[in-house]
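Letter by letter, the chains look like this.
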Amino acid sequence: MRTSNHLIGLLNFFTFLASIPILGGGIWLSTRANNTDCLKFLQWPLIVIGVSIMVVSLAGFAGACYRNTFLMYIYLWAMFFIIAVLIGFVIFAYAVTDKGSGRPVINRVYLEYYLQDYSGWLEERVTSQSYWMKISSCIRDSHACGKTMRIYNGIPESADLYYLRKLSPIESGCCKPPTECGYVYQNETVWIPGGGLVGADPDCVRWSNDQEQLCYNCNSCKAGVLASLKKSWRKVSVINIVILIILVIMYMVAIAAFRHNKRIDNDEPYGETRMEKAQPSRIHF
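Cut-offs applied
Residues numbered from 1 in each chain as written. Predicted model: local features only at pLDDT ≥ 70, side-chain atom pairs only at ≥ 80, totals over all residues. Heavy atoms only, no water. pLDDT = per-residue confidence, 0-100. Helix = DSSP H or I, 4+ residues; strand = E, 2+ residues; numbered from the N terminus. Contact = heavy atoms within 4.5 Å. Disulfide = S-S within 2.5 Å. Phe/Tyr/Trp six-rings, centres within 6.5 Å; stacked < 30°, edge-to-face > 60°. Buried < 20%, exposed > 50% of the residue type's maximum accessible area, 1.4 Å probe, protein only.

(A) Spotlight on the confidence of the model for the protein chain. Per-residue confidence for the protein chain averages 82 on the pLDDT scale, and 81% of its residues sit at or above 70. Of all helices and strands in the protein chain, the one with the weakest mean pLDDT is helix α1 (residues 2-35) (75), whereas strand β2 (residues 111-112) scores best (96). Segment residues 270-278: pLDDT under 50, and 10 contacts once partners within four positions in sequence are set aside and those in other chains are kept.

(B) Up close: the state of the cysteines. By the definition in use, this model includes 4 disulfides. Covalent S-S linkage joins C145 and C175, the inter-sulfur distance amounting to 2.0 Å. Linking C145 and C175, the disulfide has an S-S dihedral of approximately -85° and is accordingly described as left-handed. Residue C145 is located in the loop between α5 (129-141) and β3 (151-152), and its partner C175 is located in the loop between α7 (169-174) and β5 (184-187); the two are separated by 30 residues in the primary sequence. Between the sulfur of C174 and that of C221 lies a disulfide, 1.9 Å long from S to S. Across the S-S bond of C174 and C221 the torsion is about 90°, and the bridge reads as right-handed. Within this pair, whereas C174 is found in helix α7, its partner C221 is found in helix α9 (residues 219-265), the two being separated by 47 residues in sequence.

(C) Region of interest: the packing of aromatic side chains. Inspection of every chain in the model, using the stated rule, returns 11 aromatic pairs. When the centroid spacing of 6.0 Å and the interplanar angle of 40° are considered together, the rings of F89 and W233 count as tilted. With F89 in helix α3 (residues 69-96) and W233 in helix α9, the pair connects residues that are 144 residues apart, well separated along the chain. Given the relative accessible area of 10%, F89 is considered buried. What makes W233 buried here is its relative accessible area of 4%. Ring-pair connections join several aromatic residues into one group, and the members of that group are Y110, Y162, Y163, Y185 and W191.

Below is the structure:
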């Protein structure tokens, strides 16, 4: 009996530790939302799940230490619900970031991003006027484009060196005009029309050398935000999947240990369950 309680307590301690990467992932998304991705509601489900796992694991730990059956029931049911929610969140994260990726450009290392490559709930959320005003303002205030500036001995970086850069999706989509527009590079955020006609992409006429405008109202900028969100979510989702597998394994072991404790409490031989009711409930641990 003590061994089972110690096992349950140890499992809850590891469950508490497992909640830290989930909570950390939510906090990381929060910092990204404030500084880079600029979409500020996506991190909260992870933060809530991480805190919930911490609280529930502490309840399970207390239940194991003090052999409190009520707390153990709460722990098992609450953890079942949390695991179900985490599974749903992982599926949702992959579903809303399923489509879209950058397109390679000839003689460029960086990728170009096009809004038509994206669709679904997240795309509709980002491109809605009310959200985009907040997102574009956040990108402007974060000085993401200004940070791309590189000066060597008082001279801006040359076009050839700039074309060899691996720009982030937001830097590529928001801080320069699309390559097909034919603008000529002056520096990272100043481009002038070339000798030919401006391309057919509507973003070509949306570009402005005004440092407060640039391409913040371009579809390429919206696509860049979507690509950045996809990259961030996929990183966090990988961690969540690993933690989810660990949580499921620990949960199954905790159920087995809890049922073993019940057998001992009821003086039941191992492998034999005594009926306490003529018609026992269908769901029991």
